[in-house]
Amino acid sequence: MQLKLVPEGGSRSSKTFKPKKNIPEGSHQYELLKHAEATLGSGNLRMAVMLPDGEDLNEWVAVNTVDFFNQINMLYGTITDFCTEESCPVMSAGPKYEYHWADGTNIKKPIKCSAPKYIDYLMTWVQDQLDDETLFPSKIGVPFPKNFMSVAKTILKRLFRVYAHIYHQHFDPVIQLQEEAHLNTSFKHFIFFVQEFNLIDRRELAPLQELIEKLTSKDR
């Protein structure tokens, strides 16, 4: 079950919503990413998400958070033509769940906005966190800040909302584009990871609870 996002020959659209976040080659985090890709190749996602022996939990969470950002970036990039101000005037995940945007700094009071606007705010905000060397240090020996795990949890909680929006509002185009297996594999990997380290509150996962049970029941 490979998670290579663009197959040889480039038959899948390689358009990303935001620029891809690269982990510097030769760095320890790059080695961790390669380890993650190799274990994913075995097809056992429960094993693939486990903290490798002797590794730092913060670093493992950081590497995987960057990887999930890139995956979601790519997945959303394939359906942006279908997610418009007209089709998605609010950011929702089915009729019961609606999200309003606030980042605590630029926008303190939650605002109601369209899904494309919300996802633009969200992905830009995540990108800013990933690019902040004080939060996501890429150099060996630079420690992670004390609040790193709470920042990572907020990032992952928000990235989940993009998966939830795609599944609830744009699954038909995903099937038309033959991206269904790719989306399911990516989301299953994401869910196993956040479950392994208890990174997202169960209530936050409610919009996709049935799907989560279906995708994870075979691997208990």
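Residues numbered from 1 in each chain as written. Predicted model: local features only at pLDDT ≥ 70, side-chain atom pairs only at ≥ 80, totals over all residues. Heavy atoms only, no water.

In the annotation of an unreviewed UniProt entry, the entry for the protein reads MOB kinase activator 1B, and the organism field reads Ficedula albicollis.

What follows concerns the side chain of Q127. As for its placement among the helices and strands, Q127 is situated in helix α4 (residues 115-131). Overall, Q127 belongs to the buried group, its relative accessible area being 15%. Those residues in contact with Q127 that sit more than four places away from it in its chain are K18, P19 and F69. (Helix = DSSP H or I, 4+ residues; strand = E, 2+ residues; numbered from the N terminus. Buried < 20%, exposed > 50% of the residue type's maximum accessible area, 1.4 Å probe, protein only. Contact = heavy atoms within 4.5 Å.)

Right, let's talk about the UniProt feature "binding site: Zn(2+)" (unreviewed entry) in the protein for a bit. Annotation from UniProt places "binding site: Zn(2+)" (unreviewed entry) at C83, C88, H165 and H170. Taken together, the annotated residues stretch across 88 residues yet fold into one region, lying no more than 9.9 Å apart by C-alpha. Structurally, the position occupied by C88 is in the loop between α3 (57-79) and β1 (91-92). Among the residues examined, C88 registers a relative accessible area of 4% and is labelled buried. With residues up to four places along the chain from it excluded, the contact list for C88 reads C83, S114, A115, P116, H165 and H170. Here H170 shows up in the loop between α5 (148-169) and α6 (171-176). Ignoring anything within four residues of it in the chain, the contact list for H170 reads I79, F82, C83, S87, C88 and H165. One polar contact links H170 to H165, side chain to side chain, over a distance of 3.1 Å. (UniProt positions renumbered as here; feature names shortened; annotations may be inferred. Polar contact = N/O pair within 3.5 Å; in protein donor to acceptor, adjacent residues only side chain to side chain.)

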